[in-house]
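Report on the structure
Chain residues, written in single-letter form:
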Protein chains: 2
Amino acid sequence: MTSPPNDPRDLVVLTLCGSLREGSFNRALLGAARELAPEGLTLEAGTDLARLPFYNPDVDGEDPPAVATEFRSALRRVDGLIIATPEYNFGVPAVVKNAIDWGSRPVKDPPITGLPTLLLGASGGASGTMRGQLSLRQSLVFTATPVLPRPGFYLTFAAKKFEDGRLHDEPTRELLGTTLKVFGEWIRAGCPVGRDGF
Amino acid sequence: MTSPPNDPRDLVVLTLCGSLREGSFNRALLGAARELAPEGLTLEAGTDLARLPFYNPDVDGEDPPAVATEFRSALRRVDGLIIATPEYNFGVPAVVKNAIDWGSRPVKDPPITGLPTLLLGASGGASGTMRGQLSLRQSLVFTATPVLPRPGFYLTFAAKKFEDGRLHDEPTRELLGTTLKVFGEWIRAGCPVGRDGF
């Protein structure tokens, strides 16, 4: 995290999509987030997670894969991270865990440590990716990555709320806008947990 | 699971390694398991998990990738599964989650559902992969995959217990042999949980 608290300049936040599906609701959700982000919060599309190879300590030495270096540099450059991901089997898709694992190295100065993070998720059914997000939060405890405590964002029954890749459900648009606003304020406030209204 | 309870024939169990590292302790642990498996329990090396692409519903239709079909066929053919994996960031490496996700489809008849499974893990430090295994157990609850309740197998301080890729620590060898024996008996008994001494 490079922005000090109360930094008046624009915050830049990297977005990662946990689904590789072209018609993914989570991809569409990130589209809506770009649209609804408040002034002062710029969302930038991060590395396509399918491009990162599976983490292998043997190739992560002096000369790691170029895409991993690109990914880590992006994490170091930005003020925050948004991960929008489906839930697979009570967890997150492998692409998301893999990104966390690349971001958690090198051990001496992991780019994901201290990086303010917002979790978003959309599901076709009633779960809203709650369990997947919980599993992800567990990993982000170990990496000492601050995750916005609340509001939680769990989009349920996505097929009813999107049409042609556009989020049209008004209450959900409102919650997304509020969540992004709170995320920006939280970053500027230094990521407090359970204090200052967060 | 194709073997009825008390099947007198040999059980064949697929092994998967969660680390891609050549000198991986978990790979060496599977080597020791092959050596220490009791009579009637044959361990067979499963798909190299780095060969499975990241799960993508768009490519998992009528004609999934050949390696995914090969992996699923192997899961359907065997009587059990052993996963030996390190812990990464309180979870499992992406290759392991990815394998679970491929194995959990197609939804109508997932090859991993009902497949008796044993979790093993080795770590350089004191955790013994406990948290990674717990996260994996959560996913395997959703897939309705029976996981051996006990004994738990958490190999700590691996560097002291292996030399040149061989497990030489006698108490650990003994526990591994016992665990494999119990796993075979548990499969033959129909995978009871909290009954019949399991």
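Residues numbered from 1 in each chain as written. Chains lettered and ligands numbered in written order. Predicted model: local features only at pLDDT ≥ 70, side-chain atom pairs only at ≥ 80, totals over all residues. Heavy atoms only, no water.

**Regarding the relation of the copies chain A and chain B**
Under the convention used in this document: Here the copies were fitted onto each other by least squares, based on C-alpha atoms from residues at pLDDT of at least 70 in both. Contact criterion: two residues are considered in contact whenever any of their non-hydrogen atoms come within 4.5 Å of each other.
The transformation that overlays chain A on chain B combines an axial shift of 0.0 Å with a rotation of 180°, and the residual RMSD is 0.0 Å. Classification of the inter-copy transformation places it as that of a two-fold axis. By C-alpha distance to the rotation axis, the residue of chain A lying nearest is A:Ala94, at 2.3 Å. A high fraction, 100%, of the interface residues of chain A reappear at the interface in chain B, so the copies pair face to face through one surface.

**Focus on the interface of chain A and chain B**
Many analyses report the size of an interface as the accessible area lost when the parts associate. Heads up, the rule is: Counted as salt bridges are all cases of a side-chain nitrogen of Lys or Arg within 4 Å of a carboxyl oxygen of Asp or Glu. What qualifies as a polar contact is a pair of N or O atoms within 3.5 Å, subject to a donor-acceptor requirement within protein and to the restriction that residues adjacent in sequence count only when both atoms come from side chains. Secondary structure elements follow DSSP: runs of H or I no shorter than four residues count as helices, runs of E no shorter than two count as strands, and numbering proceeds from the N terminus. The classification used treats Ala, Val, Leu, Ile, Met, Phe, Trp, Tyr, Cys and Pro as nonpolar, Asp, Glu, Lys and Arg as charged, and all other residues, Gly among them, as polar.
Contacts between the two partners involve 30 residues from chain A and, on the opposite side, 30 residues from chain B. The interface formed by chain A and chain B includes zero salt bridges. Seen at the junction of chain A and chain B, the total is twelve residue pairs in polar contact (both at pLDDT 80 or more). The biggest single contributor to the side of chain A that touches chain B is helix H3 (residues 94-103) of chain A, with six residues. Class assignment for the residues of the side of chain A that touches chain B results in 16 nonpolar, eight polar and six charged.

**Some thoughts on unusual backbone geometry**
All names here are of chain B. Note that the residue after Arg 105, namely Pro 106, is joined by a cis bond; omega there is 0°. Mapped onto the elements, Pro 106 comes out in the loop between helix H3 (94-103) and strand S4 (117-122). Going from Arg 150 to Pro 151, the amide bond is cis rather than trans, its omega being 0°. Among the structural elements, Pro 151 can be located in the loop between helix H4 (130-142) and strand S5 (154-155).

**Here we look at the sheet that holds strand S3 (residues 80-84) of chain A**
Residue and element names in this part refer to chain A. The condition is simple: Between any two strands, at least two bridges found by DSSP are needed for them to pair. Note on method: axes are straight lines fitted to C-alpha atoms, helices fitted across the in-contact stretch only, with angles between N-to-C directions ranging 0 to 180 degrees.
With respect to topology, five strands assemble into an open sheet ordered S2-S1-S3-S4-S5, the strand pairing being parallel. In this open sheet, the two strands that pair with only one neighbour each are strand S2 (41-45) and strand S5 (154-155). The pairing of strand S4 (residues 117-122) with S5 spans two bridges and is parallel. Opposite Ala 122, over in S5, you have Leu 155 as the bridge partner. Across the sheet, helix H5 (residues 170-188) lies against strand S1 (11-17), S2, S3, S4 and S5, angled at about 165° from S4, the strand it touches most.

**Notes on the pairing of S2(A)**
For S1(A) and S2(A), the ladder comprises five bridges, and the chain directions are parallel. Following the sheet pairing, A:Thr15 is matched in S2(A) by A:Ala45.

**Some details on the packing of aromatic side chains**
For clarity, the cut-off: Stacked, tilted and edge-to-face pairs are distinguished by plane angle, under 30 degrees for stacked and over 60 for edge-to-face with tilted covering the rest, among Phe, Tyr and Trp rings (Trp via its six-membered ring) whose centres lie within 6.5 Å. The rule is short: NZ of Lys or CZ of Arg within 6 Å of the ring centre and within 35 degrees of the ring normal puts a charge over the ring.
Across all of its chains, the model carries eleven aromatic pairs over all chains by this definition. By the ring-pair criterion, three or more aromatic residues cluster together here, those being A:Tyr55, A:Trp102 and B:Tyr88. The lysine or arginine in question, B:Arg105, covers the ring of A:Tyr88, its NZ or CZ lying 5.7 Å from the ring centre.

**A word on H3(B)**
This is how the line gets drawn: Buried residues are those whose accessible area, probed at 1.4 Å on protein chains only, stays under 20% of the maximum for their type, while exposed residues exceed 50% and partly exposed ones sit between those limits.
Burial of H3(B) is extensive: ten of the ten residues sit out of reach of the surface. Three or more residues of H3(B) are buried, namely B:Ala94, B:Val95, B:Val96, B:Lys97, B:Asn98, B:Ala99, B:Ile100, B:Asp101, B:Trp102 and B:Gly103. Considering only its buried residues, H3(B) is in contact with H3 of chain A together with helix H2 (66-77), strand S3 (80-84) and H4 of chain B.

**Focus on the confidence of the model for chain A**
As a reminder of what qualifies: The predictor attaches a confidence to each residue, and that confidence, scored 0 to 100, is pLDDT.
Mean pLDDT for chain A: 95, with 96% of residues reaching 70 or above. Per the prediction output, this complex has pTM 0.94; the corresponding ipTM is 0.91.

**Quick look at the sheet that holds S3(B)**
Residue and element names in this part refer to chain B. An order of S2-S1-S3-S4-S5 is seen for the five strands of this open sheet, with the pairing classed as parallel. Unpaired on one side and paired on the other, strand S2 (41-45) and S5 mark the two borders of the sheet. Where S3 and S4 come together, four bridges link them in parallel fashion. Of the residues in S4, the one forming a bridge with Leu 81 is Thr 117. Taken strand by strand, H4 contacts S3, S4 and S5, and its axis lies near 160° from that of S4.

**What about the pattern of salt bridges?**
All names here are of chain B. On inspection of all chains with the given rule, the structure shows 19 salt bridges over all chains. Arg 166 is the salt-bridge partner of Glu 35, the closest N and O atoms lying 3.9 Å from each other. On the criterion of sequence distance, the pair formed by Glu 35 in helix H1 (residues 25-36) and Arg 166 in strand S7 (residues 166-167) is long-range, its members being 131 residues apart. The partly exposed category is assigned to Arg 166, whose relative accessible area is 42%. The shortest N-O distance in the salt bridge between Arg 72 and Asp 60 comes to 2.9 Å. With a gap of twelve residues between them, Arg 72 in helix H2 and Asp 60 in the loop between S2 and H2 connect regions that are remote in the sequence. Here Arg 72 matches Asp 60 in class, with each residue buried. Linked through salt bridges whose partners overlap, the residues forming this network are Glu 35, Arg 166 and Arg 173.

**A short note on the packing of helix H2 (residues 66-77) of chain A against H3(A)**
All names here are of chain A. This is how it is decided: Roughly parallel here means an angle under 35 degrees, roughly antiparallel means over 145, roughly perpendicular means 65 to 115, and every remaining angle is called oblique.
Here H2 crosses H3 at 75°, and the two axes come no closer than 10 Å. Relative to H3, the element H2 lies roughly perpendicular. Contacts between H2 and H3 pair Ala 68, Phe 71, Arg 72 and Leu 75 from the former with Ala 99, Trp 102 and Gly 103 from the latter. Class assignment of the residues belonging to the contact of H2 with H3 gives a composition of five nonpolar, one polar and one charged.

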